[in-house]
Amino acid sequence: MSKPQSALPDDFIKIKQDQETTIKEQWVGIMTAREVREQLQKCWRTEGVNHYEVCHPLTAKYLDLLRENRIVGYTKLDFSS
(Lines give C-alpha, C1' and ligand atoms only; values in the text may rest on other atoms or scores of the structure.)
Protein backbone atom coordinates (compact mmCIF):
# COMPACT_ATOMS: atom_id res chain seq x y z
CA MET A 1 0.00 0.00 0.00
CA SER A 2 1.11 3.53 -0.71
CA LYS A 3 1.28 6.34 1.80
CA PRO A 4 -1.90 8.41 2.12
CA GLN A 5 -1.60 11.85 0.61
CA SER A 6 -1.68 14.79 2.94
CA ALA A 7 -4.06 17.67 2.30
CA LEU A 8 -1.33 20.07 3.42
CA PRO A 9 1.20 21.35 0.88
CA ASP A 10 4.84 20.38 1.32
CA ASP A 11 5.90 23.91 2.25
CA PHE A 12 3.03 24.54 4.70
CA ILE A 13 5.30 25.73 7.53
CA LYS A 14 7.02 28.26 5.27
CA ILE A 15 3.65 29.54 4.02
CA LYS A 16 2.42 30.03 7.61
CA GLN A 17 5.64 31.81 8.60
CA ASP A 18 5.35 34.14 5.60
CA GLN A 19 1.73 34.90 6.49
CA GLU A 20 2.65 35.66 10.08
CA THR A 21 5.54 37.89 9.01
CA THR A 22 3.24 39.84 6.70
CA ILE A 23 0.65 40.39 9.42
CA LYS A 24 3.32 41.46 11.95
CA GLU A 25 4.80 44.00 9.52
CA GLN A 26 1.36 45.46 8.87
CA TRP A 27 0.64 45.75 12.60
CA VAL A 28 3.97 47.50 13.22
CA GLY A 29 2.96 50.12 10.66
CA ILE A 30 -0.47 50.54 12.26
CA MET A 31 1.03 50.92 15.74
CA THR A 32 3.50 53.51 14.43
CA ALA A 33 0.58 55.51 13.03
CA ARG A 34 -1.22 55.20 16.37
CA GLU A 35 1.80 56.58 18.27
CA VAL A 36 2.06 59.54 15.88
CA ARG A 37 -1.69 60.17 16.31
CA GLU A 38 -1.24 60.27 20.10
CA GLN A 39 1.64 62.74 19.74
CA LEU A 40 -0.54 64.84 17.43
CA GLN A 41 -3.40 64.87 19.95
CA LYS A 42 -0.99 65.97 22.67
CA CYS A 43 0.34 68.71 20.40
CA TRP A 44 -3.19 69.96 19.67
CA ARG A 45 -4.01 70.15 23.36
CA THR A 46 -0.81 71.90 24.42
CA GLU A 47 -0.48 74.39 21.56
CA GLY A 48 -4.05 75.67 21.57
CA VAL A 49 -4.66 78.34 18.92
CA ASN A 50 -1.27 77.88 17.23
CA HIS A 51 -1.73 74.15 16.65
CA TYR A 52 -2.19 74.59 12.88
CA GLU A 53 1.35 75.92 12.49
CA VAL A 54 3.16 74.05 15.25
CA CYS A 55 1.64 70.60 14.68
CA HIS A 56 1.72 70.66 10.88
CA PRO A 57 4.80 68.34 10.52
CA LEU A 58 3.12 65.74 12.74
CA THR A 59 -0.10 66.05 10.75
CA ALA A 60 1.75 65.47 7.47
CA LYS A 61 3.59 62.47 8.94
CA TYR A 62 0.33 60.99 10.28
CA LEU A 63 -1.44 61.37 6.93
CA ASP A 64 1.47 59.69 5.12
CA LEU A 65 1.40 56.80 7.59
CA LEU A 66 -2.36 56.40 7.11
CA ARG A 67 -1.91 56.16 3.34
CA GLU A 68 0.96 53.68 3.54
CA ASN A 69 -0.07 51.39 6.40
CA ARG A 70 -3.25 49.48 5.89
CA ILE A 71 -4.15 46.01 7.06
CA VAL A 72 -4.47 43.96 3.91
CA GLY A 73 -3.96 40.50 5.31
CA TYR A 74 -2.16 37.73 3.54
CA THR A 75 -4.85 36.66 1.09
CA LYS A 76 -5.41 38.63 -2.07
CA LEU A 77 -8.83 38.31 -3.66
CA ASP A 78 -9.02 38.86 -7.40
CA PHE A 79 -12.42 39.99 -8.63
CA SER A 80 -11.23 41.16 -12.04
CA SER A 81 -12.69 38.22 -13.99
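Overview of the structure. Along every chain, residues carry numbers that run from 1 in the direction the sequence is written. Confidence filtering applies because this is a predicted model: local features only for residues at pLDDT of at least 70, side-chain atom pairs given and counted only at 80 or more, and all residues used for totals across whole chains, interfaces and linings. Where side-chain values are given, they derive from all heavy atoms of the structure, hydrogens and water being excluded.

**Some points on the overall build of the chain**
Moving on, step 1. Counting its secondary structure elements, the chain contains 3 helices and 0 strands.
Moving on, step 2. In sequence order, the chain lays out its α and β elements as α-α-α.
Moving on, step 3. Exposed residues in this analysis have more than 50% of their type's maximum accessible area, buried residues have under 20%, and partly exposed residues fall in between, with area computed by a 1.4 Å probe over protein chains only. Counting all 81 residues of the chain, 14% fall into the buried class.
Moving on, step 4. Whether two residues are in contact is decided by their heavy atoms: any pair within 4.5 Å suffices. Across the chain, every contact between residues at least 6 apart in sequence was considered, and the portion connecting residues at least 24 apart equals 59%.
Moving on, step 5. Here the chain has roughly 7400 Å² of accessible surface; of this, 56% comes from carbon and sulfur atoms. Secondary structure elements are taken from DSSP: a helix is a run of H or I of four residues or more, a strand is a run of E of two residues or more, and numbering for both begins at the N terminus. All accessibility values rest on the Shrake-Rupley procedure with a 1.4 Å probe; residue burial counts only the protein chains present in the view.

**Considerations on the state of the cysteines**
Moving on, step 1. Two cysteine sulfur atoms form a disulfide, by the criterion used here, when they sit within 2.5 Å. Considering all chains together, one arrives at 1 disulfide under this definition.
Moving on, step 2. Paired through a disulfide, Cys43 and Cys55 show a sulfur-sulfur distance of 1.9 Å. Since a negative S-S torsion denotes a left-handed disulfide, the Cys43-Cys55 link at about -95 degrees is left-handed. Separated by 12 residues along the polypeptide, Cys43 in helix α1 (residues 12-47) and Cys55 in the loop between α2 (51-54) and α3 (56-68) bring together distant segments of the chain.
Moving on, step 3. Using a relative accessible area of 11% as the deciding quantity, one classes Cys43 as buried.
Moving on, step 4. The exposure class assigned to Cys55 is buried, which follows from its relative accessible area of 1%.

**Some remarks on the side chain of Gln26**
Moving on, step 1. Along the polypeptide, Gln26 turns up in helix α1.
Moving on, step 2. In this structure Gln26 touches Arg70, Ile71, Val72 and Gly73, once residues within four positions along its chain are discounted.

**Topic: the pattern of salt bridges**
Moving on, step 1. Here, a salt bridge means any Lys or Arg side-chain nitrogen found within 4 Å of an Asp or Glu carboxyl oxygen. On inspection of all chains with the given rule, the structure shows 3 salt bridges.
Moving on, step 2. With a closest N to O distance of 3.7 Å, Glu20 and Lys24 form a salt bridge. Of this pair, Glu20 and Lys24 both sit in helix α1, 4 residues apart, roughly one helical turn.
Moving on, step 3. With a relative accessible area of 48%, Glu20 lands in the partly exposed category.
Moving on, step 4. Among the ionic pairs, Arg67 bridges to Asp64, the shortest N-O distance being 3.0 Å.

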